[in-house]
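Read off the chains here:
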Amino acid sequence: MAAVIENATHPAFEKLRSHRIGTLNLDVEEYRHKKTGARHLHLAADNDENVFFVALRTFPMDSTGVAHILEHTALCGSERYPVRDPFFMMIRRSLNTFMNAFTSSDWTAYPFASMNRKDFDNLLSVYLDSVFFSKLDPLDFAQEGHRLEFDAPNDPKTDLVYRGVVYNEMKGAMSSPTSQLWQNLSSHLFQTTTYHYNSGGEPDHIVDLSYDELVKFYRHHYHPSNAIFATYGNIPAHEHHERFEELALKRFDRLDIELPVRDEKRMFAPVRVEQGYAVNEGEGTDHKTHIVMGWLLGHSFDLQENLEGQLLSAVLLENSASPLMRALETTELGHAPSPMCGLEDSNREMTFVCGIEGSEPERQKDLEALIESTLQKVADEGVCEERLEAILHQLELHQREIAGDQFPYGLQLIMSAIAPMVHGGDPVELLDLEPVLATLREKIRDPQYVPNLIRRKLLDNPHRVTLTLRPDEQLESRRQQAIRDALAQRKEELTEAEVKQIVDRAQALEERQMRKDDDSILPKVDLTDVPLQMPEPESRYDGDIAATVFARGTNGLVYEQVVVPLPELTEEELLLVPYYTALISEVGCGDLDYLQMQDRISAESGGIGASFSAKGRIDDVQALSGYLVFNGKALARNRGELTRLLRDVYTNARFDEQERIREIVAQIRARREQAVTGSGHALAMGAASQGMSPGAWLAFRLGGLAGIRGTKELDQALKDPKELQAFCDKLAALHDKIRNQGREFLVIGEQEQLGAMLDDLKSCWQGEAGTATSRWTMKPVSYTTREAWLTSTQVNFCAKAYSTVPVDHPDAAALTVLGGFLRNGFLHRAIREKGGAYGGGAGQDSVNGTFRFFSYRDPRLADTLEDFDKALDWLQETDHEYQELEESILGVIGQLDRPRSPAGAARHAFHNKLFGRSPEQRARFRERVLAVTLDDLKRVAATWLVPENASTAVVTSPDNRAVAEELGLKIEEM
């Protein structure tokens, strides 16, 4: 056996250890590269989705965003691949299931995932060359980071402006009050280490970074001696080593890299800070203050410290029955608990944060007193062992669950292991929680264990900051005026040579952006590498109880759904549905009040919830059907409890706890308002397409910009007790309609659990047949719109939408391919590279029969809307190559074949079938995608995307009101 292991280890590497984690069904192997000291963590698993991840420890000591801008610029060409944009070029030459790069506070990572071995090897060669042999062209730094340019780049008479992708990305990111809250709190909790600074970059500081400083940072940090490699999947470690060595590592020797990795100097008394954040002029400042308290705790990489921090956070904040969360939800000091509440354990030292939003600056000391008295009460009274067992149950469930529906599962595991590797801890310990959970179970038997934790880590810990972030209606105008003044002064001081230099660089950058590189040097997959139709998960149907059953490898978890067709509703009732689904798992049930229900849910399940789903038919987007889905998950040993829990909530949820309902609506409002700066492009697309189908109208009214405005109005109205009573009565009446409906069930678990799960269902739901009533329908919707939604943002989100076809129409496949074709060939260059937006693109939404253009965190408005139309001219007037088409088809196939978690694949198959998306229909769509021609793209664009028929929507700042009005857009206030 020893000889086999020896042969399996590449001679350039030494194996440090191997460790089996049964609960995750994988082996953790740790290696070190002998010559450079580079570390490699390999998670060997029986999974075709292989993941690669390389991280460099990066500890910036300013807020210029040097690590972030370097992450962007490193991907703009390398020694072996000296093309302008290999990263985005590879996205479209690949069958990847994930490609990206991240800048964290103290590491920068380059991950990808693929289920195709040829594709994996292609991406690996590009990634390794980009990271270790990057070209770092000054023009790429100007494009991705920041540059000074004249507003009209060739006209020195126009104003000087700042441009750059990261510059605009961070202007958008830092428009969010929660981003500012975290950054300001960190800067005071961490006075002397890298966490004091914004690793993404503060826009006002980004413009201070020089190209030479970027190169210096790269040379210091981007070396294998400072690198951590991580892989996941069924490719053996020694095969990775062979490629790592050949493509990069053999060219390096060990380097001693000095980085300021140290603990923060401790404060000996708490600190109070007050700072401002921008709101629109005239918006008002009442109830818009955020107040949070943050404590610095122990090392995140010390497993004992980490899990004690998680235990502490869960005891205090896990749900509404947790004492601190209850205090923050019910206090009159603010509208809702802060989104910052919880434990942050990704930095070297952890932070615990709690607080409120929707407050006033003068309530700071009152909030401190509330939090301190709540902590003292828990320390004095202790926490019952049943509650602590429920928390450990949640940790076990989280450890066991195979995720991966939004993000590759292997990458999630790697991300949880990377922090201890960066900070000097043991990644295996953090992945294998079973032993330490057993230790914690012993410790919680001591009734003083948790009270002592609260005293030691919080009450007696003086390294504490209270931050008050208050709204300021003048802040943004002062900031913009300061930028304008500084740029005007800079322009006055420019010499003729400097003016020429700025104009010449803008011209050189445009020439570089317009240049067509020889992309044949990049590796690629083509349509011959596309797999046959991906297999569907198999199910069986139990007619006795109308249950669809999937046997899946869920690693000891079970999943259930109760699926109910939406009954006939009035429009008023329909607009209640999002509040109903959000509230049903948050209110009391039967004889239990909401606090007792929160405890029951935590002890018996991994969470329950409800959602609403509506789609048109595959051949008619105007013919809408809708379902309410009540869902839950649990460890297999709690399968019976999960079934009873869902039945009880579905049949006996009550809507009579009025204050509770008012609190939850306030929290919904806060979450929805915060979503604008992060999801503005999706909200703009939703507004643009609202009139094109009932589904699009519904999404806009329930969850889109109109829904956000409606929630604000509702939250205000519910302050009147009569309005609150009426709202609760309407929810109760809606619940009565829903719980009498006929229903069906979805059951997912491992084979040996399914029989017992079905028996539980049948006994639990006996006599609860429900009745078939008239099904909900909507009238057809068809109108165009031109709107500008005003909110507090430093950047814009633009969208245009066209009414097109449903998914089974022969043109749907070509329209779907067209989205990627326009992005790859025109929009990426026009909107991101030249326009400076963080992103832009186009795509077909066949569920609602719309084709949408969008931009994200965009400094421009009118020019971007014009570029959407120019993309269609470019399509018709340019001779295109087959390779461009092939790349777009590959992108669509990659999305169609994206792997899901075992439970996620089953859910996806079930809900597809529910809405008539049969395997045969999906196979037909896939075949049509593979058969799309260039002529098809031009034909469907000419048929469906006629600029005069477009609907337009933008999310922008009040400063752009006049511009929006000139564009003929109706002004909508958020």
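Keep in mind the model is a prediction, meaning the values are calculated, not measured.

*Asks:* Give a description of the overall build of the protein that names residues and reports values.
*Replies:* Secondary structure summary: the protein contains 35 helices and 28 strands in total. In terms of overall size, the protein behaves like a compact globule, its C-alpha atoms giving a radius of gyration of 28 Å where 974 residues would be expected to give roughly 30 Å. Roughly 37,800 Å² of accessible area belongs to the protein as shown, and the carbon and sulfur atoms make up 47% of that amount. Averaged over its 107 positive side-chain charges, the protein has a centre that lies 1 Å from the centre of its 151 negative ones.

*Asks:* Kindly report on helix α17 (residues 434–443), identifying the contributing residues and their values.
*Replies:* Those residues of α17 not exposed but buried are Val-436, Leu-437 and Leu-440. In an axial view of α17, the angular spread of the buried residues amounts to 105 degrees, which keeps them on one side of the axis. Looking at the buried positions of α17, the neighbouring elements they touch are α11 (303–317), α14 (385–400) and α18 (449–459).

*Asks:* Which residues make up the sheet that holds strand β22 (residues 744–749), and what are the values?
*Replies:* The strand order across the open sheet formed by six strands is β17-β18-β22-β19-β21-β20, and the pairing between neighbours is mixed. This sheet does not close on itself; its edge strands, each paired only once, are β17 (539–542) and β20 (608–617). Averaged over neighbouring strand pairs, the angle between their axes works out to 25 degrees when direction is ignored. Pairing geometry for strand β19 (residues 557–565) and β22, over five bridges, is antiparallel.

*Asks:* Account for helix α25 (residues 694–702), naming residues and giving values.
*Replies:* Of all nine residues that make up α25, seven are buried, and the element is covered over most of its length. Those residues of α25 that fall on the buried side of the exposure criterion are Pro-694, Gly-695, Ala-696, Trp-697, Leu-698, Phe-700 and Leu-702. Of the surrounding elements, those touching the buried residues of α25 are α21 (571–583), β20, β21 (620–635), α24 (658–688), α26 (705–717) and β23 (786–790).

*Asks:* Describe the packing of aromatic side chains, and please don't skip the residues or the numbers.
*Replies:* Considering all chains together, one arrives at 37 aromatic pairs under this definition. A ring pair is formed by Phe-797 and Tyr-856, whose centres lie 5.7 Å apart and whose planes are at 55 degrees; its orientation type is tilted. In this pair, Phe-797 sits in strand β24 (residues 797–803) while Tyr-856 sits in strand β26 (residues 850–856), placing the two residues 59 residues apart along the sequence. The residues Phe-797 and Tyr-856 share a single accessibility class, namely buried. Plain terms: the ring middles of Tyr-802 and Phe-853 are 6.2 Å apart, the flat faces sit at 70 degrees to each other, and that makes the pair edge-to-face. Placement of the pair is Tyr-802 in strand β24 and Phe-853 in strand β26, with a sequence separation of 51 residues.

*Asks:* Before we move on, could you go through a negative patch on the surface and cite the residues and values that matter?
*Replies:* Negative charge collects at one region of the surface, where Asp-62, Asp-204, Asp-208, Asp-212 and Glu-213 lie side by side. Positionally, Asp-204 belongs in helix α8 (residues 203–206). When its relative accessible area of 42% is taken as the criterion, Asp-204 is described as partly exposed.

*Asks:* Describe the nonpolar core, with residues and values.
*Replies:* Formed by 64 residues in total, the largest nonpolar core has its most connected members in Phe-52, Tyr-110, Phe-132 and Phe-229. Residues within four places of Phe-52 in sequence aside, it is in contact with Tyr-110, Pro-111, Phe-112, Phe-120, Leu-124, Tyr-127, Leu-128, Phe-229, Ala-230, Thr-231 and Phe-244.

*Asks:* Give a description of the state of the cysteines that names residues and reports values.
*Replies:* This structure, assessed with the given rule, holds zero disulfides. No disulfide involves Cys-764; its sulfur sits 11 Å from that of Cys-589, the nearest cysteine. A relative accessible area of 10% places Cys-764 in the buried class.

*Asks:* How would you summarise unusual backbone geometry if you had to cite specific residues and measurements?
*Replies:* You will see that Asn-25, though not glycine, has its phi angle at about 55 degrees, which is positive. Tracing the backbone through its elements, the reader meets Asn-25 in the loop between β1 (13–21) and β2 (26–33). Residue class for Asn-25 comes out partly exposed when judged on its relative accessible area of 44%. Unlike most non-glycine residues, Arg-857 shows phi in positive territory, near 45 degrees. Along the polypeptide, Arg-857 turns up in the loop between β26 and α30 (862–877).

*Asks:* Tell me about the side chain of Asp-715, and please be specific about residues and values.
*Replies:* Structurally, Asp-715 can be placed in helix α26. Only 3.1 Å separates the side chain of Asp-715 from the side chain of Arg-669, close enough to count as a polar contact. Once residues within four sequence positions are removed from consideration, Asp-715 is found in contact with Val-665, Ala-666 and Arg-669.

*Asks:* Please give an account of the sheet that holds β26 that cites residues and values.
*Replies:* Reading across the sheet, the six strands line up as β25-β26-β24-β27-β23-β28 and stay open at both edges, with mixed pairing between neighbours. Sheet topology places β25 (839–845) and β28 (970–973) at the edges, where each strand pairs with a single neighbour. Adjacent strand axes in the sheet meet at a mean angle of 15 degrees, parallel and antiparallel pairs treated alike. Relative to β28, β23 is paired through four bridges, and the arrangement is parallel. Of the residues in β28, the one forming a bridge with Glu-787 is Lys-970.

*Asks:* Got a sec to walk through the packing of helix α12 (residues 323–330) against helix α13 (residues 364–381)? Specific residues and values, please.
*Replies:* It is at 9 Å that the axes of α12 and α13 come closest, and there the two elements cross at 150 degrees. Judged on the interaxial angle alone, α13 and α12 are roughly antiparallel. Handedness of the crossing formed by α12 with α13: right-handed. Along its contact with α12, which presents Pro-323, Leu-324, Ala-327 and Leu-328, the element α13 presents Leu-367, Leu-370, Ile-371, Thr-374, Leu-375 and Val-378.

*Asks:* Lay out the confidence of the model for the protein in plain terms, naming residues and giving numbers.
*Replies:* Here the protein averages 92 in pLDDT, and 98% of its residues register 70 or above. Every residue in residues 1–7 is under pLDDT 50, and counting partners more than four places away or in other chains gives one contact.

*Asks:* An account of the pattern of salt bridges is requested, with residue identities and associated values reported.
*Replies:* Under the definition given, this model contains 77 salt bridges. Residues Arg-243 and Asp-121 are paired through a salt bridge, measuring 3.8 Å at the closest nitrogen-oxygen approach. Here the residue Arg-243 occupies a position in helix α10 (residues 237–247), and Asp-121 occupies one in helix α4 (residues 117–132), the gap between them amounting to 122 residues. Judged by its relative accessible area of 25%, Arg-243 falls in the partly exposed class. Counted as one network, the salt bridges with shared partners bring together Glu-389, Glu-396, Arg-400, Arg-441 and Arg-637.

*Asks:* How would you summarise the side chain of His-828 if you had to cite specific residues and measurements?
*Replies:* Note on placement: His-828 falls in helix α29 (residues 812–834). If we ignore the near neighbours within four places in the chain, the residues touching His-828 are Asp-85, Phe-88, Arg-823 and Glu-833.

*Asks:* Describe the packing of α29 against helix α34 (residues 934–944), listing the residues and the values that go with them.
*Replies:* Where α29 meets α34, the closest approach of the two axes is 9 Å, and the angle between their N-to-C directions is 100 degrees. Judged by the inter-axis angle, α29 sits roughly perpendicular to α34. For the pair α29 and α34, contact is made by Ala-814, Leu-815, Val-817, Leu-818 and Phe-821 and by Leu-934, Asp-936, Leu-937, Val-940, Ala-941 and Trp-944, respectively. Within the contact of α29 with α34, the residues separate by chemical class into 10 nonpolar, no polar and one charged.

*Asks:* Outline the environment of Ser-225, supporting the account with residue identities and numerical values.
*Replies:* Mapped onto the fold, Ser-225 is located in the loop between α9 (211–221) and β10 (227–233). Sequence separation of Ser-225 and Arg-254 is 29 residues, and the distance between their C-alpha atoms is 5.8 Å. Here the side chain of Ser-225 touches Thr-36 through a polar contact of 2.8 Å, landing on its backbone oxygen. Among the polar contacts made by the side chain of Ser-225, one reaches the main-chain amide nitrogen of Leu-255 at a distance of 2.9 Å.

Basis of the calculations
Residues numbered from 1 in each chain as written. Predicted model: local features only at pLDDT ≥ 70, side-chain atom pairs only at ≥ 80, totals over all residues. Heavy atoms only, no water. Helix = DSSP H or I, 4+ residues; strand = E, 2+ residues; numbered from the N terminus. Rg over C-alpha atoms; globule rule 2.2 N^0.38 Å. Areas by Shrake-Rupley, 256 points an atom, 1.4 Å probe, with all protein chains shown as cover. Lys, Arg positive; Asp, Glu negative; His and termini not counted. Charge placed at Lys NZ, Arg CZ, Asp CG, Glu CD. Buried < 20%, exposed > 50% of the residue type's maximum accessible area, 1.4 Å probe, protein only. Arc of directions from axis to C-beta. Contact = heavy atoms within 4.5 Å. Pairing = 2+ DSSP bridges. Axes fitted to C-alpha atoms, helices over the stretch in contact; angles between N-to-C directions. Phe/Tyr/Trp six-rings, centres within 6.5 Å; stacked < 30°, edge-to-face > 60°. Patch = residues over 30% accessible without salt bridge, like charges linked within 9 Å, V, L, I, M, F, W, Y side chains within 5 Å. Salt bridge = Lys/Arg side-chain N within 4 Å of Asp/Glu carboxyl O. Core = buried A, V, L, I, M, F, W, Y, C linked by side-chain atoms within 4.5 Å. Disulfide = S-S within 2.5 Å. Polar contact = N/O pair within 3.5 Å; in protein donor to acceptor, adjacent residues only side chain to side chain. Parallel < 35°, antiparallel > 145°, perpendicular 65-115°, else oblique. Left-handed = near helix turned anticlockwise from the far one by under 90°. pLDDT = per-residue confidence, 0-100. Nonpolar A, V, L, I, M, F, W, Y, C, P; charged D, E, K, R; others polar.

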